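Summary of the model geometry
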Amino acid sequence: MSGNKKPQKNSGTPLALKRAPIHFIALAMMAVVLLTMIILCLVPGAGKNPKNPTLIIYGDKGNVPNLSLTNTLHAAGFEYMFADYGNVIPSSGTVVLAAMGPDALSIINDHKNDPNVAGFILICPEYNEAYMTGLTSIDPQCDVAVFAGRDNCTDTRDMGDARVIYERLSGDDTIYGVPVKRGGLFASKVYVNNAQNRTLSLSCFNVRDPQKLLFSPLFQNELAGYLSVTYIDEATRVASFGRINSWFVFSWLSVMFAIIGVLLFLSNLGLNETGYDSRKAPVSKWVFGFIGGISIAVAIGIVASTSVPQLLNALLWILTLVPAVFMACLFGINFKWIYSKEGKIVPKKASLVQSVFLAVTIGLFIMFTLAMTMDLRVHAIFDAGISAALLGAIFVADLVLATGLIYASRKSSAAGEGAKNCFGNKKVFGLMFMPCAVALLYGLLPGHSQVFYSGLAGIAATGIPFLAVIPIVRHTDRSLVPGVLHGIIYVLVLAAVL
């Protein structure tokens, strides 16, 4: 009888959602994330106004976080541009000059009498008595702010350059003076003189390279606050910290959800027997010989680079191109598996759409992530034509190498000899990180920031393209599609770090 039936509990979850396959949920998540990333790339342009004062930044010669910096300064009612020391500043409109590096102090004496200059910002400046001549608490009359890394000295003998410069410019004593704290958990110590035209902000973090301070959301937030308060009459709007903070929050959330969406989609796919082979082919002595020899040579070069300026300047190029050199060596070692008929593989037609979808989705996610966090322009080469031609040549070479190595590993697995090279054997892939790891550790321990960041760039150039193609290699039987993706991602990473 119907009266004897027990009432079913309502879980509150829609029936359609219960029946929805995981890959549909993953597809919806990836679509939302992709749309969010597109919006995050468009939002920074909002607020551009020809009446905005301009922040001119001197001393930065590398990549900068273009989108986040544009969003932050637009939220504060400012535009920005980069310039070289000695360049003529715009003759119309209000400008604030920011400078970093050893010559940062020079901009004050060069432009303190310019009527268009409303103030100066020094980022991790180095003390130079020649540049300090004539500078006092009343000269220049306009505002001067100094931003630097952590400096917890308790004695005048241990004072950093930023403290010394601020004390000369303000007449204040920072040792016995009481700073205010700005920020929450990672608050900066801020000193302001009585006339309120001199400011010193010391971060709670050590700063190895002043150019990398622009990548910090904390610094961008503090810079926007300083500009908005100090130049409230010149700025066209009051700083919107909600816009600044929400952009950073949503950008990193979108990256995390992009990874989750891809992993959810992959969880519904089976592993391909030629892409994921538990039988690992033994690492050849040739591999150890080539990669080991190159790694030792690069390691010696890293140690020598600190005393040879030409080698130090080329270190970034060396460590970012070393992965391609390793792949070229592996290509030669595995060449017999590429041209031989043994273990021939014929991909299924049904796998093409799936592999292309994964490649396009992962490629777009990584492209937008790099665009949100870096500047996708090659600054190491001044000529845009040469840099474009070089990146094009590197793309073609990497495409051929990656496709050949993936195909060789598949054929080796199909022939029953186990997975080979860096796309099938983790040990071989691990060997490729040796030069970058050496640079990272050698730069970290003695404090050689240029060596450290070169090693970090090398790790990104080696690891990011590999991680991007591994899902396609393991879950499909295609070799060309992941090879093309590897080449594209490798070139994007090079554009981001060079």
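As a reminder, the structure under discussion sits directly above these lines.
Quick look at the structure, then. (Residues numbered from 1 in each chain as written. Predicted model: local features only at pLDDT ≥ 70, side-chain atom pairs only at ≥ 80, totals over all residues. Heavy atoms only, no water.)

**Here we look at the overall build of the chain**
Put simply, the rule reads: In this text, helices come from DSSP runs of H or I with a minimum length of four residues, and strands from runs of E with a minimum of two, each type numbered from the N-terminal end. To sort residues, take the accessible area from a 1.4 Å probe on protein chains only and compare it with the maximum for the residue type: under 20% means buried, over 50% means exposed, and anything in between is partly exposed. Working rule for contacts: check all heavy atoms of both residues, and any pair within 4.5 Å makes them a contact. Values of accessible area rely on a 1.4 Å probe in the Shrake-Rupley scheme; residue burial ignores everything except the protein chains shown.
Looking only at helices and strands, the chain has 18 helices and eight strands in total. Per-residue burial over the chain gives 50% buried out of 498 residues. Nonlocal contacts in the chain, meaning residues at least 24 apart in sequence, comprise 75% of its contacts between residues at least 6 apart. Counting only carbon and sulfur atoms, one obtains 64% of the accessible surface of the chain, whose full area is about 24,400 Å².

**Here we look at the nonpolar core**
Which entries qualify depends on this criterion: The definition of a nonpolar core used throughout is a set of buried Ala, Val, Leu, Ile, Met, Phe, Trp, Tyr and Cys residues joined through side-chain atoms within 4.5 Å.
In terms of nonpolar packing, the biggest core is built from 80 residues, with Met37, Met372, Phe423 and Leu485 touching the most fellow members. Among the elements that take part in this core, helix 18 (residues 480-497) stands out by supplying 11 residues, more than any other. If near-sequence neighbours (up to four positions away) are discounted, Met372 is found in contact with Met37, Leu40, Cys41, Leu67, Ser68, Trp247, Ser251, Ser254 and Val255. Formed by 27 residues, the second largest nonpolar core is a distinct cluster that contains Ala104, Ile107, Leu122 and Cys142.

**Digging into the environment of Val438**
Of note, Val438 is situated in helix 16 (residues 434-444). Sequence separation of Val438 and Ala299 is 139 residues, and the distance between their C-alpha atoms is 6.5 Å. Residue contacts for Val438: discarding those within four places in its chain leaves Ala299 and Ile302.

**Things to note about the side chain of Ser228**
Mapping Ser228 onto the fold places it in helix 7 (residues 217-230). For Ser228, a relative accessible area of 7% puts it in the buried group. Those residues in contact with Ser228, other than ones at most four positions away along the chain, are Arg237, Val238 and Ala239.

**Examining the packing of helix 17 (residues 449-475) against helix 18**
Note the cut-off: Every axis corresponds to a line fitted to the C-alpha atoms, with the helix fit spanning only the stretch in contact, and the corresponding angles, defined between N-to-C directions, vary from 0 to 180 degrees. By definition in this entry, angles of less than 35 degrees are roughly parallel, angles greater than 145 are roughly antiparallel, angles of 65 to 115 are roughly perpendicular, and the rest are oblique. Here a crossing is taken to be left-handed if its near helix is turned anticlockwise relative to the far helix by less than a right angle, and right-handed if that turn runs clockwise. Each residue gets one of three labels, nonpolar for Ala, Val, Leu, Ile, Met, Phe, Trp, Tyr, Cys and Pro, charged for Asp, Glu, Lys and Arg, and polar for the others, Gly among them.
Their axes nearest at 9 Å, the elements helix 17 and helix 18 cross at an angle of 155 degrees. In terms of orientation, helix 17 and helix 18 fall into the roughly antiparallel class. Of the two possible hands of crossing, helix 17 and helix 18 adopt the one that is right-handed. From helix 17, Ala457, Ala460, Ala461, Ile464, Pro465, Phe466, Ala468, Val469, Ile472 and Val473 reach across to helix 18, where they touch Pro482, Leu485, His486, Ile489, Tyr490, Val493 and Val497. Residue composition of the contact of helix 17 with helix 18, by class: 16 nonpolar, one polar and no charged.

**Re the packing of aromatic side chains**
Heads up, the condition is: Aromatic pairs are defined between Phe, Tyr and Trp rings, using the six-membered ring for Trp, whenever the two ring centres lie within 6.5 Å; interplanar angles under 30 degrees are classed as stacked, those over 60 as edge-to-face, and all others as tilted.
The tally for this structure, following the rule as stated, stands at nine aromatic pairs. Taking the centre distance of 6.5 Å and the plane angle of 45 degrees together, the rings of Tyr166 and Tyr191 count as tilted. Separated by 25 residues along the polypeptide, Tyr166 in helix 6 (residues 161-170) and Tyr191 in strand 7 (residues 188-192) bring together distant segments of the chain. Summarising the aromatic geometry, the rings of Phe265 and Phe357 are spaced 5.4 Å apart at their centres and angled 50 degrees between planes, so their arrangement reads as tilted. Here Phe265 is found in helix 8 (residues 241-267), whereas its partner Phe357 is found in helix 12 (residues 350-373), with 92 residues between them in sequence. Exposure remark for Phe357: the relative accessible area of 33% places this residue in the partly exposed category. An aromatic cluster of at least three residues, connected via ring pairs, comprises Phe78, Phe147, Phe219, Tyr226 and Tyr231.

**What about the pairing of strand 7?**
Selection rule: Paired strands are those between which DSSP finds at least two bridges.
Judged by how many residues are buried, strand 7 sits mostly within the fold: four of five residues are covered. As paired strands, strand 7 and strand 8 (residues 198-202) are joined by four bridges and run antiparallel to one another. Paired with Val192 across the two strands is Thr199, which belongs to strand 8. In this antiparallel pair of consecutive strands, strand 7 and strand 8, the connection spans five residues, and Gln196 shows a positive phi of 60 degrees.

**Remarks on the packing of helix 2 (residues 22-42) against helix 8**
Between helix 2 and helix 8, the shortest axis-to-axis distance is 8 Å and the interhelical angle comes to 155 degrees. For the element pair helix 2 / helix 8, the angle class is roughly antiparallel. In this structure, helix 2 meets helix 8 at a crossing whose hand is left-handed. Among the residues forming the contact of helix 2 with helix 8, the class breakdown is 17 nonpolar, six polar and no charged.

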